[in-house]
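The lines below spell out each chain.
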Amino acid sequence: MAVQPIIQIRGLVNRFGTQVVHDGLDLDMNPGEILGVVGGSGSGKSVLLHTILGLRQATAGSVRIHGKDITSMDRAQMLDIQQRWGVLFQSGALFSSLSVLDNIQLSMKEYTRMAAATREGLANLKLQMVGLPLSAGSKFPAELSGGMVKRAALARALALDPPLLFLDEPTSGLDPISASEFDELIAYLRNNLKFSVFMITHDLDSLFNICDRIAVLVDKRMVVGTLDEILANTHPWIQRYFHGARSRAALGVKE
Amino acid sequence: MTYLHVHKSAEGIRVEVTGDWTIANAAGLEAELDTLPLQLDIPVCFQPGQLTQLDLTGAWLLWRKVKELQDQGQQAELANFDSKHFKFLDDLPEPQEELEGHHLPGLRAGLAGIGRFAIREKEQNAAALAFLGRIFSSLVRVAPHPHRWRFKDIAHHTYATGIQAIPIVALIAFLISIVLAYQGADQLARFGAKIYTVNLVAISVLREMGVLLTAIMVAGRSGSAFAAQIGFMKINEEVNALSTMGFDPYEILVIPRIVALVIVLPLLTLLADLMGMVGAGFLSVYMLDLSMTQFFHRAIDSIGLNTFLVGIVKAPVFAFLIGFIGTMRGMQVSGSAESVGQQTTNAVVQSIFLVIMADALFSVVFSWIGF
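The present account deals with the structure reproduced in this document. (Residues numbered from 1 in each chain as written. Chains lettered and ligands numbered in written order. Predicted model: local features only at pLDDT ≥ 70, side-chain atom pairs only at ≥ 80, totals over all residues. Heavy atoms only, no water.)

Sheet strands line up and pair through hydrogen bonds in the backbone, either parallel or antiparallel. Residues and elements named next belong to chain A. The 4 strands lie next to each other as S2-S1-S4-S5, forming an open sheet whose pairing is antiparallel. Of all the strands in the sheet, the pair left with one neighbour each is strand S2 (19–29) and strand S5 (68–69). In the sheet, strand S1 (residues 7–16) pairs with strand S4 (residues 60–65) via 5 bridges, with the strands oriented antiparallel. Among the inter-strand pairings, Gln-8 is bridged to a residue of S4, identified as Arg-64. (Pairing = 2+ DSSP bridges. Helix = DSSP H or I, 4+ residues; strand = E, 2+ residues; numbered from the N terminus.)

The next point concerns the interface of chain A and chain B. The interface is formed by 27 residues belonging to chain A together with 27 residues belonging to chain B. For the chain A and chain B pair, buried surface summed over both sides reaches about 2400 Å², with 66% attributable to carbon and sulfur atoms. Taken together, the links from chain A to chain B amount to 0 salt bridges. Taken together, the connections running from chain A to chain B amount to 4 residue pairs in polar contact (both at pLDDT 80 or more). At the level of elements, helix H4 (116–129) and helix H6 (176–193) of chain A are the ones that each hand at least two residues to the side of chain A that touches chain B. No other element matches H4(A), which puts 7 residues into the side of chain A that touches chain B. Here the residues of the side of chain A that touches chain B are counted per class, giving 13 nonpolar, 10 polar and 4 charged. (Contact = heavy atoms within 4.5 Å. Buried area = accessible area lost by both parts, 1.4 Å probe. Salt bridge = Lys/Arg side-chain N within 4 Å of Asp/Glu carboxyl O. Polar contact = N/O pair within 3.5 Å; in protein donor to acceptor, adjacent residues only side chain to side chain. Nonpolar A, V, L, I, M, F, W, Y, C, P; charged D, E, K, R; others polar.)

Residues and elements named next belong to chain B. The grouping of Leu-305, Leu-309, Val-313, Val-364, Val-365, Trp-368, Ile-369 and Phe-371 at the surface amounts to a nonpolar patch, some 780 Å² of accessible area in total. Mapped onto the nonpolar patch, the elements with two or more residues apiece are helix H11 (305–312) and helix H13 (337–368). Top element by residues in the nonpolar patch is H13. It accounts for 3 residues. Within the secondary structure layout, Leu-309 lies in helix H11. (Patch = residues over 30% accessible without salt bridge, like charges linked within 9 Å, V, L, I, M, F, W, Y side chains within 5 Å. Areas by Shrake-Rupley, 256 points an atom, 1.4 Å probe, with all protein chains shown as cover.)

Here we come to unusual backbone geometry. Residues and elements named next belong to chain A. In this structure, Glu-169 takes a positive phi of about 45 degrees despite not being glycine. Along the chain, the position of Glu-169 falls in the loop between strand S7 (164–168) and H6. You will see that Lys-194, though not glycine, has its phi angle at about 60 degrees, which is positive. By relative accessible area, which is 58% here, Lys-194 ends up exposed. (Buried < 20%, exposed > 50% of the residue type's maximum accessible area, 1.4 Å probe, protein only.)

Once that is clear, we can look at the pattern of salt bridges. In the structure shown here, the tally under the stated rule is 14 salt bridges over all chains. One salt bridge connects Asp28(A) with Arg10(A), and the closest N-O pair in it is separated by 3.0 Å. Of this pair, Asp28(A) sits in strand S2 while Arg10(A) is found in strand S1, placing the two residues 18 residues apart along the sequence. Looking at Asp28(A), the relative accessible area reads 28%, which means it is partly exposed. The salt bridge partner of Arg141(B) is Asp248(B), with a shortest N-O separation of 3.4 Å. Taken together, the positions of Arg141(B) in helix H4 (residues 106–142) and Asp248(B) in the loop between helix H8 (238–244) and helix H9 (249–286) put the pair 107 residues apart, joining distant regions of the chain.

Right, here's the structure in full:
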């Protein structure tokens with residue numbers, strides 16, 4: 001028996017005026033996998049993410065998360081889903097008026113009734129998990145470097161131990177060393193904590209090294225497969241994306 | 001107990017862990033862990049019972065409890081859990097450094113706060129002085145070269161800070177003269193000197209109210225806008241971009257704004273004075289039962305050219321103060337959106353404060369020289 005997909009999208013259509021971004025898009029994401037989502041600039045990756053996250057109403061189609069359709073959900077059901085996912089935005093989106101520790105504790109404070117000391121202990125644990133020094137907790141986002149912002153934002157996304165994690169270009173703006181460390185961190189956490197990762201990325205190294213499957217957004221639909229399947233795909237855009245000079249270099253590193 | 005079941009036996013205490021050990025139940029889990037009936041000399045072993053869910057928070061609470069017991073010298077262990085969470089927690093690297101904790105006790109903290117405040121004030125005054133210096137050095141550098149005066153920018157800011165402020169400035173001047181006339185007429189009527197209301201309104205609007213209210217209005221409208229605009233450019237690294245392209249940010253961002261305000265504020269003051277007089281005339285005719293002619297005679301008798309000049313000479317000075325504080329606060333923005341808000345507030349509060357301070361100084365000086 002097939003396991004129930006953690007995200008299941010059927011017949012998704014997104015339209016801005018006359019411009020059609022998604023046209024009958026289907027996607028299944030299995031629990032526990034790291035799914036890398038790629039697509040050209042303007043192909044609608046962000047629109048897709050926003051639709052899944054409920055930030056945008058789809059023109060047509062259904063988006064099921066944990067088996068429930070988020071397009072026809074009341075507030076309480078949505079809140080339940082929202083507490084079971086974590087989102088890492090591209091620029092971190094840490095609240096600039098809160099310290100890192102308070103950023104991590106924000107949803108814990110709102111949704112659980114832990115003692116303050118326990119909550120702080122947990123928040124420190126998250127800092128430790130993402131490889132930040134404890135002294136970073138009292139800092140404000142403006143005082144952090146780019147790599148630290150990403151790690152702090154990951155710690156915040158993991159605050160409620162979500163089974164589902166969305167990452168929007170997690171390694172963009174990082175140097176190659178920080179980027180591959182960040183990849184390793186995500187893979188390590190996933191292997192130990194068994195959450196699923198939906199990752200939009202342009203980083204070929206991430207795609208080749210840590211993604212279990214790759215979803216390519218071409219012609220307003222998804223082409224999904226393992227790395228080898230995607231490499232064997234004959235679609236011209238996919239061919240150019242995965243067989244360009246940069247891609248060959250990244251593959252070479254892997255082999 | 002719902003989540004922990006205690007079984008005592010000869011070898012020690014066996015604790016069965018059951019139920020949903022997730023962050024949603026954290027408060028309950030913690031309470032049960034804290035109230036476990038344990039004895040220091042009896043070994044304890046935690047084992048999974050009907051454990052339906054275990055997330056990292058649940059695992060951490062249990063793991064921390066065991067560590068705590070071990071630190072107290074008790075034999076404690078976790079047995080037969082098939083979750084990777086405990087190994088993950090064991091494998092976590094030690095925290096790289098300790099929390100910096102220099103919390104001073106009450107009185108000393110207060111004293112340290114005063115000290116920090118004093119040092120910050122001193123630094124801010126030095127920074128303000130340095131900013132003033134940079135404005136003048138840029139001015140001196142630009143002044144001999146008319147092609148670098150940036151007329152386009154000045155015109156833009158003149159429009160935004162001046163033309164667009166006309167309706168509100170005119171309305172406020174008109175209303176304030178009506179307020180003054182009402183208050184004055186009531187009091188003066190008691191001495192049978194109701195006619196002097198015209199003097200009261202004309203003199204106070206021309207000498208003080210016209211320029212002061214216009215300056216406060218402009219500080220609120222444009223001082224804050226300057227701080228927010230430049231502050232955002234600072235965060236967006238536009239200011240750095242200008243510098244690296246060889247431009248002087250002061251020449252491009254600061255000087256045109258200040259020059260525009262220095263041009264605009266006297267003109268707005270003139271408008272406010274006019275509207276104030278219109279308001280006074282309006283009131284005289286409808287409230288004091290004077291004819292237009294009588295009002296004009298009265299007004300011209302009571303004011304001279306210097307009544308008007310006393311007001312208008314203050315305008316460029318106020319304009320400079322507002323522009324200076326607004327642009328400086330913008331340049332002092334650093335890091336985050338929070339900082340933009342803070343510096344914008346500072347810009348408005350301080351420029352209004354300085355305008356009123358300067359007004360008080362002017363009053364003292366003018367009364368010395370009998371102007």
